[in-house]
Protein chains: 2
Amino acid sequence: MAVNLPPAGELSAVPGIRIGTAAAGIKYQERDDIALFALERGSNVGGVFTRSSFRAAPVAVAAERLGAARGLVVNSGNANAATGYRGLEDARSSCALAADVVGCEANEVLPFSTGVIGEFLPMDRMAEGIRRAGNALQDDAWLPAARAIMTTDTQPKGVSGRFEIGGSHITATAIVKGSGMIRPDMATLLAFLGTDAALSPEKVQDLARDLGERSFNRLTIDGDTSTNDSFVVAATGRAGVGDEHYDALLTRLTPLVVDLAQRTVRDGEGATKFVTVTVQGGASADECLRAAYTVAHSPLVKTALFAGDPNWGRFCMAIGRAGVEGLDPAGVSLHLDEVCVAHGGLVAASYTEEQGAAAMARDEFTVRIDLGRGDCAETVWTSDLSYEYVRINAEYRT
Amino acid sequence: MAVNLPPAGELSAVPGIRIGTAAAGIKYQERDDIALFALERGSNVGGVFTRSSFRAAPVAVAAERLGAARGLVVNSGNANAATGYRGLEDARSSCALAADVVGCEANEVLPFSTGVIGEFLPMDRMAEGIRRAGNALQDDAWLPAARAIMTTDTQPKGVSGRFEIGGSHITATAIVKGSGMIRPDMATLLAFLGTDAALSPEKVQDLARDLGERSFNRLTIDGDTSTNDSFVVAATGRAGVGDEHYDALLTRLTPLVVDLAQRTVRDGEGATKFVTVTVQGGASADECLRAAYTVAHSPLVKTALFAGDPNWGRFCMAIGRAGVEGLDPAGVSLHLDEVCVAHGGLVAASYTEEQGAAAMARDEFTVRIDLGRGDCAETVWTSDLSYEYVRINAEYRT
């Protein structure tokens, strides 16, 4: 059901990062479900995490271990969330097991988990899996890692880029899992970006925050936000440059991470459409973003997207309830790609249903709303609400 | 697909209110789509309306005409929303047509519309329909009126009550249409309550507000809010008492209107479950309501309700993203009816999956969440998210 989701393709090894994967049988059988990242000494890690009150044990542990780090240990199939004190112990134990095979201190390893909430990690299988992943460490295993962290994803998702900054060649590779429960504040999403840029703890943290804000914090599938979302950037320093070229690095990495973020929407649960929602003409960025999310979250809009129904009524219903104080409908217009559907709050005189239907028949299109009261604009990406979304989520666990 | 939706049954005539219905062919064929209410001289009308920025033309007109009134004119099939200046003119013309047959001034009639947004009312058919509804005015036509205002409702919905207050017998009958796009701020919902209590313009407005707050503003189907929602109370005064017994009247009418409001959820689009979500133990009513709505709106919770899956993970995900500042998961518990699923933020030791599944197999059950940090509580009612919801909303217009 994915919408124009490109294959992960060639994922470049990142100097200073070795990866091992293993099948631990945590929930899934006959596939890898552990990924272990060994980071060269001198690496720094930054990250942004879910804002859920119910943040999972591994998130609590990982968030305390940003900065100098030597390893990341990830499992799929079990989120180790809503697991209380024992969950924290299990997350720390997983790190200790990983530290043994990487050869570092336990507190130099960050844990990540994704999957079912409310069940304890099977620590015997975790231990065996981490040991075997440690034995399998190699330079070039980003694609197997992208596979190992999947849950309801239909495909592994990853991107790589190489570019020159300050006379040095820099490599970056990033992978992501996540296809539902996705919206700002990081949703059920685990994303890992590795680069050989040389970044201080402060700058690598800035990079995680800035990249996250421009990419993962601009997408939504169902408006739900998970307990485990994490976007982590690991910088090994092998390329020699970094901090002093921060702006250039951010500029070069942004399209790469936006591409990756959009792939989670393309692979959205039951998605049949990839839709860009742009709200412009707002008095503030905040009201544009709020209106864009209200449109992107509305079940009535999302079913219209699924049906390919250019239903101006549902769009104006959603804009109307977005809480844009004092909005004058007479200033609002709507375009579906190049088609002007509504202008001045009314269906446009030139508009025909056929034009709107043709735009929405595309796999990908842009919903552009102009609030007609300012110069601010924001964009989010979303998918539609299909029978398949209901099926996946009604059958996921039972 | 409705969940234990009782038939409208016997709806009592309300002294001082005559009702006529007619088939105008506005959108639907071979069914009534106009309802005209003629109110005896001396009647007062109160109302609460959608807070959408895109409130429809009839809402704008009706909201200006609260107080002394002589008629209500309602059509289904076309919402007269997002129709600009012409929409306002059409709403006013509908009132003028109704005033002619009722025998009053145009500004003593309030207009209401529900249906497709963004299309102009077919005024020739409206005129003919209103004329014929006027010819059909009779004392006892609440049930035909409940039918005439339906859109995607599976059944007409109405309730009646008779009680004695201050030595007088008071009659109240109320009808509602609405089965999607329903949430606070009145959603796609038209509800009309008629009573022969004697209420001043101020008290009838209080009554609409107080009853709405306790009933229609506590339910949600899909979180969407419409352009047309209106809850109107018309009091004819025939029973002779009212204002001086306001509290008693409110107390007696509340269960009647709560019953009516719950019927819109029971008839929710694609609903297979009627679910009461109670959040207690909150530090404020506001945070309880926010948490209850976040749970009730979450697509992942709603698909779990559909699947009958007692998925603690999805509930704690939703509670976690409700923005309850400083919430300690260790204080949170969850009951499904009598079954304690989670306690202290963890799956309860006594809990078995079978218990949870048995509770959720019921047509109706209560999700009770305790935040463990205060004495406030709030309740909302909701339905699940089924294949049928997607079908109805993907096919509604196309």
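Above this note sits the structure.
Rules used in this analysis
Residues numbered from 1 in each chain as written. Chains lettered and ligands numbered in written order. Predicted model: local features only at pLDDT ≥ 70, side-chain atom pairs only at ≥ 80, totals over all residues. Helix = DSSP H or I, 4+ residues; strand = E, 2+ residues; numbered from the N terminus. Rg over C-alpha atoms; globule rule 2.2 N^0.38 Å. Buried ≥ 20, exposed ≤ 12 C-beta atoms within 10 Å, placed from the backbone. Contact = placed C-beta atoms within 7 Å. Core = buried A, V, L, I, M, F, W, Y, C linked by C-beta atoms within 7 Å. Pairing = 2+ DSSP bridges. Axes fitted to C-alpha atoms, helices over the stretch in contact; angles between N-to-C directions. Parallel < 35°, antiparallel > 145°, perpendicular 65-115°, else oblique. Left-handed = near helix turned anticlockwise from the far one by under 90°. Nonpolar A, V, L, I, M, F, W, Y, C, P; charged D, E, K, R; others polar.

*Asks:* Can you explain the overall build of chain A? Please cite residues and give values.
*Replies:* Counting its regular elements, chain A contains eleven helices and 17 strands. Scaling as 2.2 N^0.38, a compact globule of 398 residues should have a C-alpha radius of gyration of about 21 Å, and chain A matches this with 22 Å. Along the first, second and third principal axes, the C-alpha atoms of chain A reach 70 × 55 × 35 Å. With 398 residues in all, chain A has 63% of them scored as buried. Once local pairs closer than 6 in sequence are excluded, the contacts in chain A between residues at least 24 apart make up 80%.

*Asks:* Explain the nonpolar core to me, and be specific about the residues and the numbers.
*Replies:* In this structure, Ala174(A), Val295(A), Ala174(B) and Val295(B) are the most contacted members of the largest nonpolar core, which totals 265 residues. Setting aside residues no more than four positions away along its own chain, Ala174(B) makes contact with Gly158(B), Val159(B), Ala191(B), Phe192(B), Leu193(B), Leu256(B), Val257(B) and Leu260(B).

*Asks:* Lay out the sheet that holds strand S3 (residues 44-49) of chain B with the relevant residues and their values.
*Replies:* Residues and elements named next belong to chain B. Ordered in space as S4-S3-S11-S9-S8-S7, the six strands form an open sheet in which the pairing is mixed. The two strands at the open ends of the sheet, each matched to only one other strand, are strand S4 (67-68) and strand S7 (157-165). Sheet analysis places strand S8 (residues 168-177) next to strand S9 (residues 190-195), joined by six bridges and oriented antiparallel. Bridge pairing in S9 places alanine 172 opposite threonine 195.

*Asks:* Explain the pairing of strand S16 (residues 364-370) of chain A residue by residue, including any values.
*Replies:* Note on strand geometry: in a regular strand, side chains alternate between the two faces of the sheet. Residues and elements named next belong to chain A. The pairing of strand S12 (residues 274-282) with S16 spans seven bridges and is parallel. Paired with valine 277 across the strands is valine 367, a residue of S16. Relative to S16, strand S13 (residues 333-336) is paired through four bridges, and the arrangement is antiparallel. Bridged to serine 333 within S16 is aspartate 370.

*Asks:* Tell me what's going on with the packing of helix H2 (residues 84-102) of chain B against helix H3 (residues 123-135) of chain B, and back it up with residues and numbers.
*Replies:* All names here are of chain B. As a packed pair, H2 and H3 sit with axes 9 Å apart at the nearest point and diverge in direction by 25°. When the axis of H2 is compared with that of H3, the two are roughly parallel. Every pair of crossing elements has a handedness; the one defined by H2 and H3 is right-handed. Between H2 and H3, the residues in contact are Asp90, Ser93, Ser94, Leu97, Ala98 and Val101 and Met123, Met126, Ala127, Ile130, Arg131 and Gly134, respectively. Looking at the contact of H2 with H3, its residues break down into seven nonpolar, three polar and two charged.

*Asks:* With reference to specific residues and values, describe the sheet that holds strand S4 (residues 67-68) of chain A.
*Replies:* Strands belonging to one sheet form pairs held by backbone hydrogen bonds; the direction of such a pair is parallel or antiparallel. Residue and element names in this part refer to chain A. Taken in spatial order, the six strands line up as S4-S3-S11-S9-S8-S7 in an open sheet, and their pairing is mixed. The sheet is open, and its two borders are formed by S4 and strand S7 (157-165), each paired with just one other strand. Along the sheet, helix H5 (residues 201-214) makes contact with strand S3 (44-49), S4 and strand S11 (230-235), crossing S3 at roughly 35°. Helix-sheet contacts for helix H6 (residues 246-266) involve S7, strand S8 (168-177) and strand S9 (190-195), and the interaxial angle to S7 is about 170°.

*Asks:* Which residues make up the packing of H5(A) against H6(A), and what are the values?
*Replies:* Residues and elements named next belong to chain A. At their nearest, the axes of H5 and H6 sit 10 Å apart, and the two run at 40° to each other. One finds that H5 runs oblique with respect to H6. Once H5 is placed against H6, the crossing between them reads as right-handed. Across the interface between the two elements, Lys203, Leu207, Asp210, Leu211 and Arg214 of H5 pack against Tyr246, Leu250, Leu253, Thr254, Val257 and Val258 of H6. Across the contact of H5 with H6, the residue classes break down as seven nonpolar, one polar and three charged.

*Asks:* Before we move on, can you summarise the environment of Ala96(A) with the specific residues and values?
*Replies:* Residues and elements named next belong to chain A. As for its placement among the helices and strands, alanine 96 is situated in helix H2 (residues 84-102). Alanine 96 gets classed as partly exposed once you count the C-beta atoms within 10 Å, which come to 15. It is 16 Å that separates the C-alpha atoms of alanine 96 and asparagine 135, two residues lying 39 residues apart in sequence.

*Asks:* Give a description of unusual backbone geometry that names residues and reports values.
*Replies:* For Asp337(A), which is not glycine, the phi dihedral falls at a positive 50°. Note that Asp337(A) resides in the loop between S13 and strand S14 (339-343). Owing to 16 C-beta atoms within 10 Å, Asp337(A) belongs among the partly exposed residues under this scheme. Phi is positive for Ala82(B), close to 55°, though the residue is something other than glycine. As for its placement among the helices and strands, Ala82(B) is situated in the loop between strand S5 (71-78) and H2.

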